[in-house]
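# Structural overview
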Amino acid sequence: MDMSNPVKTASSLPLLSLESLPQRQCATVSAIDWGHLSMPEARRLRELGFDEGVGVEVLHRARLGRGPIACRIGRMTVALRRAVAGAVLVSPVTR
C-alpha cells in the first residue's frame, strides 16, 4: 500500500500517512501498519504511546528529504524515521 497518497475509508474521511501530513496540522492516528515495521520499531512506537485515537502533530521535517520527522504526541516531542512515519495513518483534524 502506498502510504504517501490519501486513502478513502468507509466513512469517506481522507487518511494520510504521518510522513505526508502537512506541518502544524493536527491529526488523529487512525491505524498503524504494524506489519510494515520491524519488531523494535513497533515496540518503540507502542512505548511512545502511538495507538489508534491518539492526537499527533508534525512539528518539523529535516531539510534533506530523507531525514527524520519531529512530531508531537501528547506532551512529548519525538523524532521518527520517515519509513516509520509512513506506516502511521492519520486523519487530519479540522479546527
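Parameters at a glance
- Residues numbered from 1 in each chain as written.
- Predicted model: local features only at pLDDT ≥ 70, side-chain atom pairs only at ≥ 80, totals over all residues.
- Heavy atoms only, no water.
- Salt bridge = Lys/Arg side-chain N within 4 Å of Asp/Glu carboxyl O.
- Helix = DSSP H or I, 4+ residues; strand = E, 2+ residues; numbered from the N terminus.
- Buried < 20%, exposed > 50% of the residue type's maximum accessible area, 1.4 Å probe, protein only.
- Core = buried A, V, L, I, M, F, W, Y, C linked by side-chain atoms within 4.5 Å.
- Contact = heavy atoms within 4.5 Å.
- pLDDT = per-residue confidence, 0-100.
- Pairing = 2+ DSSP bridges.

This part takes up the pattern of salt bridges. Enumeration according to the criterion identifies three salt bridges in this entry. The residue Arg-72 makes a salt bridge to Glu-57 at a minimum N-O spacing of 3.3 Å. In this pair, Arg-72 sits in strand β5 (residues 69–73) while Glu-57 sits in strand β4 (residues 55–61), placing the two residues 15 residues apart along the sequence. For Arg-72, a relative accessible area of 32% gives the class partly exposed. A relative accessible area of 11% means that Glu-57 is categorised as buried.

By the secondary structure assignment, Cys-71 is in strand β5. Taking relative accessible area as the criterion, Cys-71 reaches 0% and is therefore assigned buried. With 53 residues separating them along the chain, Cys-71 and Leu-18 place their C-alpha atoms 9.0 Å apart.

This brings us to the nonpolar core. Looking at soluble globular proteins, one finds that nonpolar side chains tend to be buried together. Counting residues in each nonpolar core, the largest one holds 23 residues, and the members touching the most others are Leu-18, Leu-45, Phe-50, Val-56, Leu-80, Val-88 and Val-90. Every element with two or more residues in this core is listed here: β3 (26–32), α1 (39–48), β4, β5, β6 (76–80), α2 (82–85) and β7 (88–92). If we skip the residues at most four places from it in the chain, Val-56 touches Leu-18, Gln-25, Cys-26, Ala-27, Val-29, Phe-50, Cys-71, Arg-72 and Val-90.

When pLDDT is averaged across the protein, the result is 85; 85% of the residues are at 70 or more. Scored below 50 in pLDDT, residues 1–10 makes 18 contacts in the model with residues more than four places away or belonging to other chains.

Once that is clear, we can look at the pairing of β5. Extensive coverage of β5 is indicated by the burial of four of its five residues. As defined by bridge partners, β4 adjoins β5 across five bridges and the pair is classed as antiparallel. When the sheet's bridge partners are listed, His-60 is paired in β5 with Ala-70. Summarising the sheet, β5 and β6 pair through five bridges and their orientation is antiparallel. Bridge assignment links Ile-73 to a residue of β6, and that residue is Met-76. In this structure, the hairpin formed by β5 and β6 is closed by a connection of two residues, where Gly-74 is found at a positive phi of approximately 65 degrees.

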